[in-house]
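Below are the chains, spelled out letter by letter.
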Amino acid sequence: MLKTYLTVTLRNLRRQPVATLINVVGLGAAMTLSLLVLLLVQDQRSYDRFNAKADRIVRVLAARPDRRALAATPAYLGPSLKQDVPEVEEVVRFGQIRSDASANDKALFVNGLHVEPSFFSLFDFELVAGDPATALAGPHRIILTEETAARFFGDANPIGQSFELTRFGQYTVTGVVRTAHVKSHLRFDVLASFETLSTLDSGREELQNADNFWHFATYVLLKPGADPAVLAPHLARYAERYRGDYVMYLQRLTAITLGPEVGNEIASYNLPGFLVWALLGLGISVVIVAVFNYVGLAVAQSTRRAREVGIRKAIGATPGHLRAQFLAESIFTALAALVVGLMMVSLLVPAFNQISILSELDVAVSPSMLLSPGLIAIYLVFALGVGLLAGVFPAFRLSSFRPSAVLRGGIDSQGRSASRLRLTLTFAQLAFSFFFIVTTVLLVRQFGYMREGHFGFNVDDQLVIDLQGNDSALLRQELLRVPDVVEAGATSRLPAASGGTSAYMAYGQDTVRTNYFSASAGFIRNLDLVFLAGRNFQEEAGSTPGVLLNETAARRFGFHVFDDALGASVAFRDSLQPVVGVVRDFQVDMMSTAPEPLLILNDPAAFLTLSVRTTPGREEAVSAALKAIWARIDSQHTLEIQRYALEARDNAVNKSFRDITAIVGWLAVLALAIACLGLLSMVAYVVARRVKEVGIRKVLGASVAQVSWLLSREFLLLALGAAALAFPVAYYVNNLWLNTFYDRVAFGAGVMLTGLAIVLTLVLITVLSQAVRAALADPVESLRYE
């Protein structure tokens, strides 16, 4: 029986090469993105699975009702859980390290973690040198990754060597850990002993602050068979005791990657889950368009198969046999499309890995993953699902024909129900296409707007360098002697080129969460910030620096007349700071939804970056002078010079947005191409059915234009109706993501008309290619046998 199904399937597919090609290529192209995202999902789901105890490890999250969850908790939590909860086997606390490091006459920047000795009880990282039981037992001990050890010590044995972290002091190397080819959400260059923090003034302050929900992470290993729910009442009690506005809850280790996005990640650099699921949703939507195309073509061709169905029923075939035959054809087509999709995926994997957000997070899928048994099974299930989805309606429709009516020639499979279905499917395809085109137009406009740099401050003619521990005041003094240097100023972060940092600020009884950064007076001048009240910071030694607020922060504290804010004292970091100025709102984060409260400090100890403003067009000359000055001041660190305009306009968010624009654009092209292929087949079939009508009309005097309009108007009206239906959906969905931007483009009738014009143009080209040919045909050929 299976051999018969296969033989008939191959014969029917060969008899209809155009329809077969359209279905296989359309389904294959539509499957490609979904297969790529499936590879990505498989890669991300493999994270942290190397840990033998992964199913017993949970992370504690903290959240306020009005904020997203934090992957951080107070330092007291870990020891309290281990002491109070019998089901807890072990706990490990993390503190983040981002610091310059020096050893063996080399200086480099490192990322790392302060961790407790219990780290190796939870996580199965392999130590290639050192004892996991003692390597982190005691202060000022540090473990290097193999890559970090090679960067500092080459082939020499690093054990016992001195290793300095600029922010934390001297350490002794006690181990080397292997991280290559280990898929973990924990990324680090070094692991330092957690006990070191208790020897530092700043560390003791953070450890003893029960209100500190920002600097530490807590991971818990439960005993075998323990239910994580037993921790809930303890977490609720701790939160209520110290911060009643927070709730704490658990997240499984294996749910971190592809999980919800959380703030204050200690060491997680995994891909945001929402992005992966959004891409998968887009891919599936294009597959649905291709499935509609398959069903529409099958219905359009059902007249040709009607006589076959009648004969087979007359000689004993049951409806079940016929359904199985037609489903076999659709499944075979889907499997052929899967092969096409896999070939396209293998070619596109390198380009897919170059997507900015993937390369930034060091995420990459490998073509070798295509052959993993688990994914092969998923591919086959996916193809079978697509085949069944595409074939189920044609199978039941065609198998329902009555042989007596078919063999008498009295059946028209393009009756009302079939015609309605064909139009509905084409309608849905065009609606999808319109939505994708409108979305692409908006993405392109928004990306272009972001690239123009509407930040609310100046980024042009500025060079920025990493201070790497050097004195910003000394560098500024040297640079101001250089011709073409207009100003130099230091900051703890570059607005619009990096992520934000937030904390609480209070005035009187009002407390608000505020963005903040530290900046010198020179940096404020470089930005050309607009002062609505007050003044800039003062450069004179011994002067009270004070703080600056943006207008949103001033209004939040009730200062609607900004001059009234001057001299007011705001509480920040356990000290009172006088407000010396109010500045107009500007974009602080790479991506922010609306102006938020902002506090600008003048804290030289926090300065990390120096901005050098030049006269226009003189960046190269100033760069040469800057290199000479740097060589005199710091011979240990390598100077890296960047342009602020490039950092702000081509930041990580903009790069990712550019990639998303390209992906959605290609999806729009693909969806529209599939829709037009299906439309072409539909029009060809309609023209073939009405060829005698066209001949009679031409004999009676109808012009080519009249006949073309007769054959085209149904599809043009269909395109207009699809656009009208998709309009509210496109408007609502696109406004959702547009509203996440601090400064967004307008979404008006012009965008909709652009999308409509593109759809109508392509529909006209597709339809008229067949309609005009039919209108120009000699009517004698169609009427000679009548």
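Our subject is the structure that appears above.
Residues numbered from 1 in each chain as written. Predicted model: local features only at pLDDT ≥ 70, side-chain atom pairs only at ≥ 80, totals over all residues. Heavy atoms only, no water.

1. Observations regarding the pattern of salt bridges
Then comes step 1: If you walk through the whole model with that rule in mind, you get 15 salt bridges.
Then comes step 2: Between E126 and R178 there is a salt bridge, with its nearest N and O atoms 3.5 Å apart. Here the residue E126 occupies a position in strand β4 (residues 126-129), and R178 occupies one in strand β7 (residues 169-178), the gap between them amounting to 52 residues.
Then comes step 3: With relative accessibility at 43%, the residue E126 sits in the partly exposed group. (Salt bridge = Lys/Arg side-chain N within 4 Å of Asp/Glu carboxyl O. Helix = DSSP H or I, 4+ residues; strand = E, 2+ residues; numbered from the N terminus. Buried < 20%, exposed > 50% of the residue type's maximum accessible area, 1.4 Å probe, protein only.)

2. Concerning a nonpolar patch on the surface
Then comes step 1: Taken together, L335, L371, I376 and L380 make up a surface patch of nonpolar side chains, about 350 Å² in accessible area.
Then comes step 2: Positionally, L335 belongs in helix α10 (residues 319-353). (Patch = residues over 30% accessible without salt bridge, like charges linked within 9 Å, V, L, I, M, F, W, Y side chains within 5 Å. Areas by Shrake-Rupley, 256 points an atom, 1.4 Å probe, with all protein chains shown as cover.)

3. Focus: helix α5 (residues 146-153)
Then comes step 1: What α5 keeps buried is the set T148, A149, F152 and F153. Relative to the axis of α5, the buried residues are bounded by an arc of 100° and lie together on one face.
Then comes step 2: Buried residues along α5 sit against β2 (88-103), β3 (106-115), β5 (141-145), β6 (162-165) and β8 (190-193).
Then comes step 3: One or two positions beyond α5, positive phi appears at G154, with a value near 65°. (Arc of directions from axis to C-beta. Contact = heavy atoms within 4.5 Å.)

4. So, the environment of N353
Then comes step 1: Note on placement: N353 falls in helix α10.
Then comes step 2: Once the C-alpha coordinates of N353 and L40 are considered, the two residues, 313 residues apart in sequence, prove to be 9.7 Å apart.
Then comes step 3: Discounting residues that sit within four places of it in the chain, N353 has contacts with L358, S359, A364 and V365.

5. A short note on the pairing of strand β17 (residues 569-572)
Then comes step 1: Of the two faces of β17, the one lined by V570 and F572 is fully buried and the one lined by S569 and A571 carries no buried residue.
Then comes step 2: Note: β17 against strand β18 (residues 575-583), 4 bridges, orientation antiparallel. Considered in β18, the bridge of S569 is made with P578.
Then comes step 3: In sequence, β17 turns back onto β18 through a hairpin of 2 residues, with R573 there showing a positive phi of about 55°. (Pairing = 2+ DSSP bridges.)

6. Describing the sheet that holds strand β11 (residues 462-466)
Then comes step 1: An order of β12-β20-β11-β21 is seen for the 4 strands of this open sheet, with the pairing classed as antiparallel. Either end of the sheet is taken by a strand with one partner, and the two such strands are β12 (485-491) and β21 (641-643). The sheet shows a mean angle of 25° between the axes of neighbouring strands, taken without regard to direction.
Then comes step 2: Pairing geometry for β11 and β21, over 3 bridges, is antiparallel. The residue bridging I465 from the neighbouring strand is I641, located in β21.
Then comes step 3: Packed onto the sheet, helix α15 (residues 472-479) meets β11, β12 and β20 (609-614) and runs at close to 175° relative to β12.
Then comes step 4: Running over the sheet, helix α18 (residues 619-633) touches β11, β12, β20 and β21 and is turned about 25° from β11. (Axes fitted to C-alpha atoms, helices over the stretch in contact; angles between N-to-C directions.)

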